[in-house]
Each structure stands twice: as C-alpha cells, then as structure tokens.
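Per-entry structural report
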There are 2 protein chains.
Amino acid sequence: MSDNEKKHLEIDSLGEFGLIDKLTKEATLKNPSSLLGVGDDAAEIELSPKESMLVSSDMLVEGVHFNLSYVPLKSLGFKAVSVNVSDIFAMNGKPEQITVSLGVSSKFPVEALEELYKGIHAACSFYNVDLVGGDTVSSSSGLILSISVVGRVAKKKITYRKGAKENDLVVVTGDVGSSYLGLQILEREKGVFLENPDIQPKLEGYDDLIKKQIQPIARQDVIDMFDELDLVPSAMIDISDGLASEVLHIAKSSDCSVSLYSDKLPITEKLIVTAEELNLDPYMCAMNGGEDYELLFTVSQKDYDKIKNHPSFSVIGFVTDKSQDNLLIDKNNSAVRISAQGWKHF
Amino acid sequence: MSDNEKKHLEIDSLGEFGLIDKLTKEATLKNPSSLLGVGDDAAEIELSPKESMLVSSDMLVEGVHFNLSYVPLKSLGFKAVSVNVSDIFAMNGKPEQITVSLGVSSKFPVEALEELYKGIHAACSFYNVDLVGGDTVSSSSGLILSISVVGRVAKKKITYRKGAKENDLVVVTGDVGSSYLGLQILEREKGVFLENPDIQPKLEGYDDLIKKQIQPIARQDVIDMFDELDLVPSAMIDISDGLASEVLHIAKSSDCSVSLYSDKLPITEKLIVTAEELNLDPYMCAMNGGEDYELLFTVSQKDYDKIKNHPSFSVIGFVTDKSQDNLLIDKNNSAVRISAQGWKHF
C-alpha cells in the first residue's frame, strides 16, 4: 500500500459522521443567538423568548446523489427541496425560506435548467416556502445543488434528536425501504439498457417504489398532525440515511438504547415481493435503505392513545437503558444488534 | 455550428445575471416573513418590527473560483467565509452564523480537510460568527464549498442596492484592482513553473496584491465605522465581480445612473507598477478586476462631512439621473460608458 492509498483510506475509515465530528470539533458557539450548532437535523437560532429559527443545508452532487440518466430534472429540483425542508420538519418546525446554489457545467442547455427550476418552484409552492436567494456558478464537472433552508418553531414544540427517555415508544411514519428498492429497479433497468439500448426499461408496476426514490414527499403533513393531536415527540429525526442509522443517532444523542421489532416495521407488500425478485432481504431494505424522508420519533407512553391506530404512524419499538444494546428483535424473539450501513458516499 | 454548440451558447449569452433572472422570475414571495428575495446581496427575513435577519449563500468550485496549485487550503477556508460574510456587511448587517457544505473527492487526505477547516474556524473567530451546520458529501471531481450565512440588521440601518438618489456621492472603501493583479501574478508564476519546475516562483514584492487575492478581508470594520459616524448609506453592494459591474447593479436597482472619475479611483502605486509590468491598463484592473471584497456605497451630499478625508473612504463619483449614461470620466474630461466585464465563469 502506498502512502497515498493510506491517506485515501483515512476519509473512508472515518465515515461521513466521523469526518464531520473531526472537522467541526473546534466549532464553539460564541454568539448568544446560536442556541444549537452542528449535530442535529438543523441549527437553532434565537428569535425571541418563545420562538427559534432553524437553519439547515444539504448538498446534492451528480453521480453521487443522483443520476441524470434516469432522474427527470424537474423531479430532481423537487427532491432537492424536499430533502432540505425534511430537516426542518424533523425539528417539528415549519420551513419558510430557501436559498439555492447551483453549480452547472456548460453542457447544460438553459431549457434543462428551467426544468430543474420548475421542480424547485413546484416544491416551494407545495411546502409553502419562498426561494429568496442563492448563487449560480460554473462547475467544471457535473451538476451540484446546494440548498439552505430557514424555518421557525415555537420553543415549546422544538424536538431534538436528544430527548428520548427510557420506555418511550419508537414510532415511524409511512413505510420504509421503498425508496431504496426504487433505486435498485432504476439501476437494474439502466444496466439492461446499457447492455442493449433497444430493450425498453420495465418500470411498470414499480411506480410507488420509483416515485418514492425520485420524488419523495417530506412529511409536512405529520407536523400538522402533531399540532392537531397536541403531541410533541420526545425526540425526532428524518430518515435520510436509513432507519438503522437514524435510530442509532437518536440513541446516541439521547444517551439511551432502542429495541425494535422486525414484524412491526412498516413495509409494503410491494416491497416484500420486489425484494424477493431482486434477491434482497426486505428487512435489510427497511433498516438500511436510505432516502425514505419519513420521520422517526419517540413519544412518552402516556401519549400512546394519541397515536394508536393512526394510519400514518407505526409503533416499532421502545427506548431502553443505555446499558442495553440497540436491538432488532424478530418474531421468534431472537435479537440482533442494530448497526448502521446507510449510504456510504465516501 | 452543431445543435449542441448552439445550446451551449445559450448560457454564455445570458450570462450569470441573465440566467439567475430567468430561473428565478417565478420566485414570488408568499410568506409574510420574506421581506426581500433574490436580487440584493442578501435576502431579508422579518424578525421583529425593528430588526431583520439576512441570509446569503455562495458556492466556490475548484478550478473555477480557486486553484489548489497555488491557494493554501487554510487561506481558501478563510476566504470562503469572507466572501459570504461580505454579503451581510453589504446590507449594513452583522453576520452571526454560517453553515458550510463541502463536496470533496476521496483524493483529499483528512489532514488537507483539517487545514481547510482551520481557515474556516479562524475566519469564524475573526468575524465573530458561529459554524452551526452544513453537509459533507463525496464529490466525483474537485472540491466544492457552499456556505450560507445568517446575520442581523436593525431595520433603520439596512442598506439595499436600491436607494441611491440623484446627486448622492459614490464612495468606495480601501483600494480596488489589487486582488485581480495578485491573481495575474500567481497565474504568471504558475505558467513559468509548469514550463520549468526548477525555477522558483517570484512572488516577493507582490505580497499585498497576492494577499488580497488569496485571503481578502471583508470590511466588517467599515460597518462599525458607519455606526461611529452615525452614517447610513443610501445604497450599498460589495465588490465581488468588479467595480464596474457593481456600479451598474446599484444604478439599475436604484433606477439612476452614475458618473465616476478615473483619477479618483483608489489604486495603489504597486498596482500601477505591476499593471505596467504585465502590460495591463491599471484603470481596467481597477474597474473590472473582481474579488476586491471592498464596499461600494452611496451617501447623501449632506453626509459628506462625515466621510471627507476619511482614510478608508474614497469619493469616486456621483449619482445622476437615469437619462444619463453610466460614465467613467478621465482627467481631460472625456467620458467612456461603463460596461461590466467582471468575472465570466460561464
């Protein structure tokens, strides 16, 4: 192994979260208005004694986060906004403004950028956020989208990753794993196409999976449901890197552990059938497939009545003392330790 | 010309500002908290009846905005923050938080990223801003830095690009053109080095020019001076794309024109000597060289006493009725129309 290869390995071995920890460990907060910095879905900035502002940024890079050979530009624009506002929902807040910075190579015709912005404007309209600024620069390689979102939340409602307490229930919205399987279908058909461009891609019947991958909808509706139910979760995070990874974030931030039941995971019949077709384990897809953009949260048991039998919520486990392992328990009561695979971009 | 080339030309022919206008024309503001969107140095968001929040985003791309063969990573980190906070100063505000999103290829050793972040942390400390979030992703090509900055400003002090009135004085801080010449020196020495790696680069004597290019300091001090002088400019912008380009922005936004005097432009003796050495016109460097990160502002004539003979300020012209051309007048009283060349990234 050359010295050079050794150096390359370092980023890989740290992983995204290790790298962020290393780079931001010096980032102390000095302004009194900076209430919360790196380490949650969004930063928290003081607005008034009763209200905070939330700020979050995400970057999407062509060839890493999206592949223009099968993602329509309009969907990409919509998704880029969804990914960002999802971070504000994950703090129980409401997004209000975004800035969009775009790096684009000259291979892009203006019409293509207009398609991208149609998606961005459609998402702004859908989530009721305003596009208020950004930057447009030349990129020597592919397309880069960097979005920042600003939102607001009442302090009594703000929900962090920390805050889960022993015996709290672990709840997830919607279903998990579909987005990952949608991506697998797109990759399969792309492979077939590359081998033989005359064969039409077989995407019929996989619409729900593909839609969840290409144009996921961030759960704004869930934040409204919390208001209607008069419910404030004890901890929350959005599922971008996969359920397992996010459960571990909540456990680490809340200084606790979590036990999940595999037969409680909200997976669709389509997911099971398609996973089998692709020789994948449906539970692996549900636990480690990313980009669901569902919300994972914990609630006190006293709030159980508010969420039981709710069509949008599945109780999938409970919070345990940190002396326990983080466990996934199957229907035969045998348990495996939860480990995060998530997305490895490095 | 192929169809493909025709398409390429479209972005070029629109230019950065034309492209932004085209893509954001649908961006209407619907949230009552969105006071000002695209079109100034920063967006304005309502905080209280007396105070606004400012938000701005900038993206820097390797090979377009910086060249790692002669920019130390620590300086790059510092500069990336300076470029962003400068947009808040240009609205007469104070920056408080930044988010940093980083796209990085695996060719980067962790130590190199730590150098970059040393510069980011040093700038945060210098400008008293807190690093509160961001994203770290893999980039298939070079380094991409996308920073968003959040700041605050009292509503009675906020200064837009619009607001310049006929007969107002046009004022610039510091000197202009040095950063551009610093870049020319670095490019020259890089060319020499590529031809013959044994020749040491000749950078001595050009320190001030190179420093202004590699690590410009955004004019936080000027915002403090305005407070001390009890002065609120009628319009302001920071000089990123070149004095000519910024003057035209103020004129267009304020629905007026501007006349500048070439012999009033603050150019250093070093700039004149170096421009001659490189066969460049020093006035062209001053007018069209970008990345000065000085502030360009207009003030009412009644405020002239506050700024006259101030070592940081040069009165370089005055505001005229929009029926006039935007003019650069030389010492023989002959005038040329000001046109923006600025940075052409597309």
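Scroll up to find the structure.
Calculation notes
Residues numbered from 1 in each chain as written. Chains lettered and ligands numbered in written order. Predicted model: local features only at pLDDT ≥ 70, side-chain atom pairs only at ≥ 80, totals over all residues. Axes fitted to C-alpha atoms, helices over the stretch in contact; angles between N-to-C directions. Helix = DSSP H or I, 4+ residues; strand = E, 2+ residues; numbered from the N terminus. Parallel < 35°, antiparallel > 145°, perpendicular 65-115°, else oblique. Contact = placed C-beta atoms within 7 Å. Nonpolar A, V, L, I, M, F, W, Y, C, P; charged D, E, K, R; others polar. Buried ≥ 20, exposed ≤ 12 C-beta atoms within 10 Å, placed from the backbone. Pairing = 2+ DSSP bridges. Least-squares fit on C-alpha atoms with pLDDT ≥ 70 in both. Expected span 1.5 Å × (residues − 1).

Moving on to the packing of helix H4 (residues 178–195) of chain B against helix H5 (residues 207–214) of chain B. Residue and element names in this part refer to chain B. At their nearest, the axes of H4 and H5 sit 7 Å apart, and the two run at 100° to each other. One way to sum up the angle between H4 and H5 is to call them roughly perpendicular. Facing H4, whose interface residues are Ser178, Ser179, Leu181, Gly182, Leu183, Ile185 and Leu186, H5 presents Asp208, Leu209, Ile210, Lys212, Gln213 and Ile214. Among the residues forming the contact of H4 with H5, the class breakdown is seven nonpolar, four polar and two charged.

So, about the interface of chain B and chain A. In this complex, chain B contributes 65 residues to the contact, which on the side of chain A involves 65 residues. With eleven residues, helix H1 (residues 3–24) of chain B is the largest single contributor of residues to the side of chain B that touches chain A.

Time to look at unusual backbone geometry. The phi torsion at A:Asp255 lies on the positive side, around 55°, for a residue other than glycine. For A:Asp255, a count of 11 C-beta atoms within 10 Å puts it in the exposed group.

Hydrogen bonds between backbone groups are what pair the strands of a sheet, and the pairing can be parallel or antiparallel. All names here are of chain B. The mixed open sheet is built from six strands, whose spatial order is E1-E2-E3-E6-E4-E5. Since the sheet does not close on itself, it has two edges, and those belong to strand E1 (34–36) and strand E5 (130–138), each with one partner. The mean inter-strand angle of the sheet, taken between neighbouring strand axes irrespective of direction, is 25°. This element, helix H2 (residues 73–89), spans strand E3 (51–61), strand E4 (94–104) and strand E6 (144–154) of the sheet and lies at about 30° to E6.

Attention now goes to the sheet that holds strand E8 (residues 235–238) of chain B. All names here are of chain B. The strand order across the open sheet formed by seven strands is E8-E10-E7-E11-E9-E12-E13, and the pairing between neighbours is mixed. Single-partner strands in this sheet number two, and they are E8 and strand E13 (335–337). Recorded for the sheet is a direction-independent mean angle of 25° between the axes of neighbouring strands. As defined by bridge partners, strand E9 (residues 257–261) adjoins strand E12 (residues 327–329) across three bridges and the pair is classed as parallel. Each bridged residue has a counterpart across the sheet, and for Ser259 the counterpart in E12 is Leu327.

With an RMSD of 0.0 Å, the fit of chain B onto chain A corresponds to turning through 180° and sliding 0.0 Å along the axis. With respect to symmetry, the two chain copies, as superposed, fit the operation of a two-fold axis. Same-surface contact between copies: 100% of interface residues of chain B are shared with the interface of chain A.

This next bit is on H2(B). Counting along an α-helix, one turn takes 3.6 residues, and residues three or four places apart therefore face a common direction. Taking 1.5 Å of rise per residue, the 17 residues of H2(B) would be expected to cover 24 Å, and the 24 Å separating its terminal C-alpha atoms lies within 8% of that figure. In terms of burial, H2(B) is a largely internal element, 16 of the 17 residues being buried.

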